[in-house]
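The chain contents come next:
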Amino acid sequence: MKKYLRLATVILAFLAITIGAFFLAESITENETIRGFVQRLGMIGVIFVGLVGGLNAFVPIPPATFAPLFLEADMSTLMIISGFIVGTTIADSIGFMIGWFGSTYTSTHHPRLTERMQSFMKKHERLIPYIIFGFFMLAPVPNETILIPLAIMGYRYKKLILPLIIGNTLHQSLMVYGYSSMFAWLF
């Protein structure tokens with residue numbers, strides 16, 4: 001019962017934030033103060049929202065939830081998607097660094113687990129870029145769930161970055177267009 005209550009709370013919080021963001025986006029056309037504030041934030045604001053939303057293990061709200069707000073402030077769709085890509089890539093890099101810094105602890109305190117993970121990576125190393133791309137493009141779960149283990153296994157960041165950026169690009173594009181369409185349909 002507790003598990004279902006927690007899940008319902010998360011879903012309700014997500015819906016409340018989404019609805020709040022949509023109503024804020026709707027009111028921005030009538031409120032010049034909010035509109036000016038969002039416009040002054042510009043690309044830095046979009047990147048910041050992408051960064052905070054990209055840390056989705058801690059903040060489980062997709063950045064695209066706020067796309068209608070930026071669109072109503074006369075920012076281009078391309079600018080919004082680009083800002084979200086930059087922000088989420090920074091957030092993903094932070095997640096990778098957490099795993100990288102924790103790899104020493106993990107190998108010291110959990111050597112069998114670390115060895116199994118490294119063995120798995122060596123066996124399936126050719127598939128990892130495709131898994132990363134697919135995961136970042138489609139998975140509605142925190143990216144840290146794959147980034148931290150990859151860092152612990154010793155996967156190289158420079159091998160990770162291209163599939164990560166391409167996956168984030170497709171994911172953010174789909175999400176921004178989806179939220180924009182939902183906003184246009186509702187308002």
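Per chain, residue numbering runs from 1 following the sequence as it is written. It should be noted that, the model being predicted, local features are given only for residues of pLDDT at least 70 and side-chain atom pairs only at 80 or more, the latter also being counted only at that level, while totals for whole chains, interfaces and linings use all residues. Derived side-chain values reflect all non-hydrogen atoms in the structure, with water molecules and hydrogen atoms excluded from consideration.

Considering the overall build of the protein
Secondary structure elements are taken from DSSP: a helix is a run of H or I of four residues or more, a strand is a run of E of two residues or more, and numbering for both begins at the N terminus. Scanning the protein from terminus to terminus reveals eight helices and zero strands. If you list the helices and strands of the protein from N to C, you get α-α-α-α-α-α-α-α. By principal-axis analysis of the C-alpha atoms, the protein measures approximately 60 × 40 × 25 Å. Sorting the 187 residues of the protein into buried and exposed places 40% on the buried side. When checking whether two residues touch, look at their non-hydrogen atoms; a contact exists if any pair is within 4.5 Å. Sequence-distant contacts in the protein: of pairs separated by 6 or more residues, those separated by 24 or more amount to 80%. Surface exposure here means Shrake-Rupley accessible area, sampled with a 1.4 Å probe, where a residue is shielded only by the protein chains that are shown. Just so you have it, the protein exposes about 11100 Å², and 71% of that area is on carbon and sulfur atoms. Exposure classes here rest on a 1.4 Å probe applied to the protein chains alone. A residue is buried below 20% of its type maximum, exposed above 50%, and partly exposed in between.

Observations concerning the packing of helix H4 (residues 77–109) against helix H8 (residues 157–186)
H8 packs onto H4 with a crossing angle of 140° between their chain directions and a minimal axis gap of 9 Å. Our classification of the angle between H4 and H8 gives oblique. Along this stretch, H4 crosses H8, giving a crossing that reads as right-handed. Of H8, the residues touching H4 (which contributes Thr77, Ile80, Ile81, Phe84, Ile85, Thr88, Thr89, Asp92, Ser93 and Phe96) are Tyr157, Leu160, Ile161, Leu164, Ile165, Asn168, Thr169, Gln172, Ser173, Val176 and Tyr177. Classes in brief: Ala, Val, Leu, Ile, Met, Phe, Trp, Tyr, Cys and Pro nonpolar; Asp, Glu, Lys and Arg charged; the others, Gly included, polar. Here the contact of H4 with H8 is built from residues that sort into 12 nonpolar, eight polar and one charged. Every axis in this analysis is a line fitted to C-alpha atoms, fitted for helices over the stretch in contact. Angles between the N-to-C directions lie between 0 and 180 degrees. In what follows, roughly perpendicular refers to angles from 65 to 115 degrees, roughly parallel to angles under 35, roughly antiparallel to angles over 145, and oblique to any angle outside these ranges. When the near helix sits turned anticlockwise from the far one by under a right angle, the crossing is termed left-handed; a clockwise turn instead gives a right-handed crossing.

Quick notes on a nonpolar patch on the surface
For patch building, the residue pool is restricted to those with more than 30% relative accessible area and no salt bridge; the joining distance is 9 Å between like charges and 5 Å between nonpolar side chains (Val, Leu, Ile, Met, Phe, Trp, Tyr). Each salt bridge in this description consists of a side-chain nitrogen of Lys or Arg and a carboxyl oxygen of Asp or Glu lying within 4 Å of one another. The grouping of Leu7, Ile11, Leu12, Leu15, Ile19, Phe23, Met182, Trp185, Leu186 and Phe187 at the surface amounts to a nonpolar patch, some 1100 Å² of accessible area in total. It is helix H1 (residues 2–28) that provides the largest number of residues to the nonpolar patch, a total of six residues. Trp185 sits in the exposed class, given a relative accessible area of 72%.

What about the environment of Gln172?
For Gln172, the location among the structural elements is in helix H8. Residue classification places Gln172 among the buried positions, given a relative accessible area of 3%. Sequence separation of Gln172 and Leu138 is 34 residues, and the distance between their C-alpha atoms is 10.0 Å. In contact with Gln172, other than residues within four places in its own chain, are Pro63, Ala64, Ile81, Phe84, Ile85 and Thr88.

So, the side chain of Asp92
One can find Asp92 in helix H4. Setting aside chain neighbours within four positions, we find Asp92 in contact with Gly54, Phe136, Asn143, Leu147, Leu164 and Asn168.

A look at the confidence of the model for the protein
pLDDT expresses how confident the predictor is about each individual residue, on a scale running from 0 to 100. On average, residues of the protein score 83 in pLDDT, and 95% of them reach the 70 mark or higher. H1 is the least confidently modelled element of the protein, averaging 75 in pLDDT, while H4 averages 91, the highest of any element.

Describing the nonpolar core
The set of buried Ala, Val, Leu, Ile, Met, Phe, Trp, Tyr and Cys residues whose side-chain atoms join them within 4.5 Å is what this entry labels a nonpolar core. Grouped together as the largest cluster of nonpolar side chains are 17 residues, with contacts concentrated most on Val38, Val46, Phe70, Met75, Ile80, Phe84 and Val176. Breaking this core down by element, the ones donating at least two residues are helix H2 (32–54), helix H3 (67–72), H4 and H8. With four residues, H4 is the largest single contributor of residues to this core. Val46 has contacts with Phe70, Met75, Met79, Ile80, Gly83 and Phe84, leaving out every residue within four places of it along the chain. Grouped together as the second largest cluster of nonpolar side chains are 16 residues, Leu150, Ala151, Ile152 and Met153 included.

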